[in-house]
Amino acid sequence: MKISYNWLKQFIKTDLKPEEVGNLLTDLGLEVEGIDKFQSVKGGLEGIVVGHVLTCEQHPNADRLKVTTVDIGTGTPVQIICGAANVAAGQKVPVATIGTTLYDKDGNNFQIKKGKIRDMESFGMICAEDELGLGESHDGIMVLSEDLKPGTPASTVFNIENDEVFEIGLTPNRADAMSHLGVARDLRAGMLQNSSHAELITPSVSNFRVDKRTLKMDIKVEDTKLAPRYCGVTISDIDVKPSPDWLQNRLKSIGLTPKNNVVDVTNYVMHELGQPLHAFDAGKIKGNKVVIKTLPAGTKFTTLDDVERTLHEEDLMICDENGPMCIAGVFGGKNSGVTETTKSIFLESAYFNPVSVRKTAKRHGLNTDASFRFERGIDPTITEYALKRTALLIQEVAGGEITSDIVDIYPKKIEDFTVFLNFSKANKIIGQEISKETIKKILVSLDIKVNSVSDVGLGLTIPAYRVDVQREIDVIEEILRVYGYNNVNFTKKLNATISNSSRTEDYKIQNIIANQLNSLGFHEMMANSLTSPEYVKLTETLKEEFNVMMLNPLSNDLSAMRQSLLFSGLEAVSYNINRKNSDLKLFEFGKSYHKMPSGYDENKHLTLFVTGNKKSENWTGNHQPSEFFYFKGLVLSVLSRLGINKTSNQLLESDYFGEGIALRLGNEILVEMGTVKKSVLKHFDIKQEVFFANFKWDAVLKVISTKLKFTDIPKYPEVRRDLALLVDETVAFENIYKIAKQTEKTLLKEISLFDVYTGKNLPENKKSYAVSFILQDNSKTLTDVQIEKIMSKLQHNFETELGATLR
């Protein structure tokens with residue numbers, strides 16, 4: 001939010017420098033993020049002076065140039081070459097002296113230098129109004145008043161305004177400060193606390209009067225809940241034209257572009273008092289009737305930006321006999337706005353329901369200065385005052401007469417809030433005792449009325465415009481921010497508590513796994529829980545009716561809570577691949593959300609995404625693409641870190657996995673993993689293989705093992721024996737593993753498959769498995785007899801149960 005320092009000083013007289021005001025406002029909670037300079041003319045006409053043309057002669061070498069001598073107040077006339085047709089001796093003109101910086105219409109600067117034009121020296125430039133930024137004309141040089149003295153700075157002749165503009169980071173709760181008046185109120189409270197005299201000056205409307213009653217509007221409010229207060233008045237015989245310089249400068253200083261004098265006044269008062277207003281062309285209001293109501297869903301309405309919008313049945317509209325003219329509190333209509341041909345207007349000032357305005361604005365994707373204020377809650381007590389203020393300013397800049405009485409429909413007054421403040425509680429919250437007189441002084445400076453005083457506390461009435469101060473704690477916060485957080489004493493003693501917590505608390509386990517995955521080359525990602533409801537159509541596993549939908553979504557692409565972390569992860573994968581980062585390892589801790597028939601369901605997950613090469617390209621080795629068993633090893637390493645080692649595999653049938661398995665412990669599935677189906681990847685424009693694992697985190701937390709067993713390093717050596725087994729193609733390594741474990745349960749420690757061969761020199765439908773067996777006895781050294789006995793028994797069982805033979 002931008003606040004003009006010159007404008008602010010119209011409400012509160014102060015000699016404080018802008019930097020001091022900025023510091024004070026920041027201490028009061030209105031954080032000043034920056035102070036920018038504003039000049040009504042860029043450059044402030046610095047270096048431009050009044051010059052007196054003494055002589056003007058034809059340039060000897062150019063038909064269109066003149067050689068002039070100009071008195072610029074230095075005592076020595078200068079020679080200036082000028083190409084303007086209207087330059088003549090005796091004129092008073094603006095002169096840009098050597099070293100002056102001028103700006104073109106695009107804001108680009110150039111410096112005036114001594115130069116030669118057709119062999120004649122020139123020591124400056126006689127300027128046209130567009131060259132100075134004072135207008136659009138370039139027909140010739142500007143001719144100034146003959147009364148001006150040579151050497152007079154042009155900035156004083158043209159009354160250039162210099163201003164300082166505060167950029168305030170306004171928090172959403174401070175609706176009362178969304179205007180120059182609101183900021184001035186806070187500034188007054190801060191100055192009074194610092195023992196500086198400060199008086200708040202508000203614009204007078206005592207001159208408001210009805211000139212004649214010739215244009216009456218019949219106003220009807222059909223829904224007073226959506227429009228608790230509505231005021232209107234008509235003004236006739238106005239002259240719509242550009243605004244005077246002072247008004248344009250005020251708007252330009254806060255970043256607004258002037259339109260015309262009527263619209264500019266409504267914008268001026270909105271930023272001055274915080275009350276949005278709207279002016280309708282009274283000649284376009286059919287039947288001289290204004291109705292505030294909602295319309296049937298599907299009604300079409302074209303707004304000022306020439307966009308046809310489809311109305312919702314809850315959108316509050318300003319209508320005439322023919323239909324809608326304006327979306328109440330949000331945006332005006334194309335066919336009812338003020339134009340250069342407008343001669344009479346209907347001026348509206350209202351208080352609209354904040355929730356209704358916010359829903360309508362979000363529904364139509366509109367964010368206007370008016371909706372910004374209405375959404376947060378404006379002051380319902382100044383509706384009529386702001387209307388009078390606007391009407392008087394319009395008369396001042398556009399002429400005209402007030403041609404109706406003010407209609408003020410306010411059936412149920414919005415009451416002030418009452419709060420009781422307990423002194424002891426205030427001191428406890430603040431952390432030190434503040435005198436009762438200081439507390440009362442602060443509250444009065446904030447327009448909070450003190451109704452009753454006792455030893456215990458104060459009975460207070462809070463103005464209706466302070467929508468953020470409705471509880472005792474809110475009042476204490478107001479006292480504290482005006483008193484000054486920097487003025488609160490604090491102790492150097494540090495108190496801390498240590499609580500006993502379980503080693504298996506969720507956040508601790510997450511940190512352990514996150515550190516492990518990071519050491520394996522993974523990067524953690526955090527995706528939005530809001531996503532597109534269309535993603536569930538990519539799989540039959542997820543159901544559209546289970547979507548948790550937003551009542552007031554920011555956009556259609558963020559209107560549902562995600563049912564799976566897969567799609568938000570693929571968005572991140574696609575984003576990186578499109579930026580030439582195709583070797584990825586990503587993980588995310590997040591939640592999925594479902595609207596089940598039995599109620600809402602929320603589950604936590606850990607997801608892994610791996611795609612591209614295992615390692616980045618380097619000179620020591622070739623590309624090694626990530627593959628399924630590499631990915632499975634990463635998944636198992638996570639489970640192993642949590643003490644979960646005895647999982648079993650189960651084929652996974654899911655239409656978003658091309659190939660997948662589930663890792664289970666008992667009857668509980670802990671992880672689903674595999675390659676993402678190509679049809680799903682195609683939706684995200686991903687052309688490379690992506691591996692995805694979904695850890696059901698809640699299930700994992702239930703089975704993690706915290707009991708660690710330690711054993712001594714064996715004193716006796718292990719023995720390895722290998723077998724090359726010829727088996728049927730249908731035999732899996734898992735069959736060999738189970739038979740071996742059943743054959744020798746004590747001494748057989750490890751079984752590994754280190755080679756598989758199919759092809760030449762093997763019988764049809766056969767393959768060769770090379771399997772290693774690690775044997776070890778923790779109490780003694782194994783003898784050859786024991787080893788051979790075990791290996792013979794293994795070979796016999798492989799031959800008997802699998803039909804295996806040794807190669």
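- An unreviewed UniProt entry lists the chain under the name Phenylalanine--tRNA ligase beta subunit, with Flavobacterium ichthyis as the source organism.
- As recorded by UniProt, the Subcellular location (unreviewed entry) comment attached to the chain reads in full: "Cytoplasm".
- One UniProt comment on the chain, placed under Catalytic activity (unreviewed entry), says "tRNA(Phe) + L-phenylalanine + ATP = L-phenylalanyl-tRNA(Phe) + AMP + diphosphate + H(+)".

## Considerations on the overall build of the chain
So, point 1. What the chain contains, in helices and strands, is 20 helices and 41 strands.
So, point 2. For the chain, the C-alpha radius of gyration of 40 Å lies well beyond 28 Å, the compact-globule estimate for 807 residues.
So, point 3. In terms of principal-axis extent, the alpha carbons of the chain reach across some 125 × 85 × 65 Å.
So, point 4. Buried positions account for 47% of the 807 residues belonging to the chain.
So, point 5. Pairs at least 24 residues apart make up 69% of the contacts formed inside the chain by residues separated by at least 6 positions.

## A closer look at helix α2 (residues 18-27)
So, point 1. Where α2 is concerned, the buried positions are P18, V21, G22, L24 and L25. Here the buried residues of α2 occupy an arc of 165° about the axis, which is enough to place them on one side.
So, point 2. Against α1 (5-8), β2 (32-39), β12 (162-168) and α5 (180-193) lie the buried residues of α2.
So, point 3. Backbone geometry just after α2 places G29 at a positive phi near 100°.

## Quick word on unusual backbone geometry
So, point 1. Notably, D119 is not glycine yet its phi reads approximately 70°, a positive angle.
So, point 2. Counting through the fold element by element, D119 comes out in the loop between β9 (115-117) and β10 (120-122).
So, point 3. Not every positive phi belongs to a glycine, and D306 is a case in point at roughly 65°.
So, point 4. Looking at where D306 falls in the secondary structure, it is placed in the loop between β17 (300-302) and β18 (308-310).

## Looking at the UniProt feature "domain: B5" (unreviewed entry) in the chain
So, point 1. As annotated by UniProt and renumbered to match this structure, "domain: B5" (unreviewed entry) occupies residues 414-490.
So, point 2. Each end of residues 414-490 is marked by a C-alpha atom, and these two atoms are 41 Å apart; helix forms 39% of the span and strand 22%.

## Here we look at the packing of aromatic side chains
So, point 1. Tallying each qualifying case throughout the model produces 18 aromatic pairs.
So, point 2. Aromatic pair Y230 and F352: ring centres 6.4 Å apart, planes at 55°, arrangement tilted. Here F352 lies in the loop between β22 (344-351) and α8 (354-363) and Y230 lies in strand β14 (residues 229-236), a separation of 122 residues in the sequence. The residues Y230 and F352 share a single accessibility class, namely buried.
So, point 3. One aromatic cluster is present, built from ring pairs that chain together F609, Y656, F657 and F692.
So, point 4. Here the basic side chain of R579 rests over the ring of Y575, its NZ or CZ set 3.6 Å away from the ring centre.

## A word on the sheet that holds strand β39 (residues 748-757)
So, point 1. The sheet built from 4 strands is open, its strands ordered β39-β40-β38-β41 with antiparallel pairing. Both edges of this open sheet fall to β39 and β41 (805-806), since each of them pairs with a single strand only.
So, point 2. With 8 bridges joining them, β39 and strand β40 (residues 766-775) adopt antiparallel strand pairing. Across the sheet, the residue bridging to L748 is L775, located in β40.
So, point 3. Across the sheet, helix α20 (residues 784-802) touches β38 (719-728), β40 and β41, and the angle it forms with β38 is around 15°.

Conventions used here
- Residues numbered from 1 in each chain as written.
- Predicted model: local features only at pLDDT ≥ 70, side-chain atom pairs only at ≥ 80, totals over all residues.
- Heavy atoms only, no water.
- UniProt positions renumbered as here; feature names shortened; annotations may be inferred.
- Helix = DSSP H or I, 4+ residues; strand = E, 2+ residues; numbered from the N terminus.
- Rg over C-alpha atoms; globule rule 2.2 N^0.38 Å.
- Buried < 20%, exposed > 50% of the residue type's maximum accessible area, 1.4 Å probe, protein only.
- Contact = heavy atoms within 4.5 Å.
- Arc of directions from axis to C-beta.
- Phe/Tyr/Trp six-rings, centres within 6.5 Å; stacked < 30°, edge-to-face > 60°.
- Lys NZ or Arg CZ within 6 Å of the ring centre and 35° of its normal.
- Pairing = 2+ DSSP bridges.
- Axes fitted to C-alpha atoms, helices over the stretch in contact; angles between N-to-C directions.

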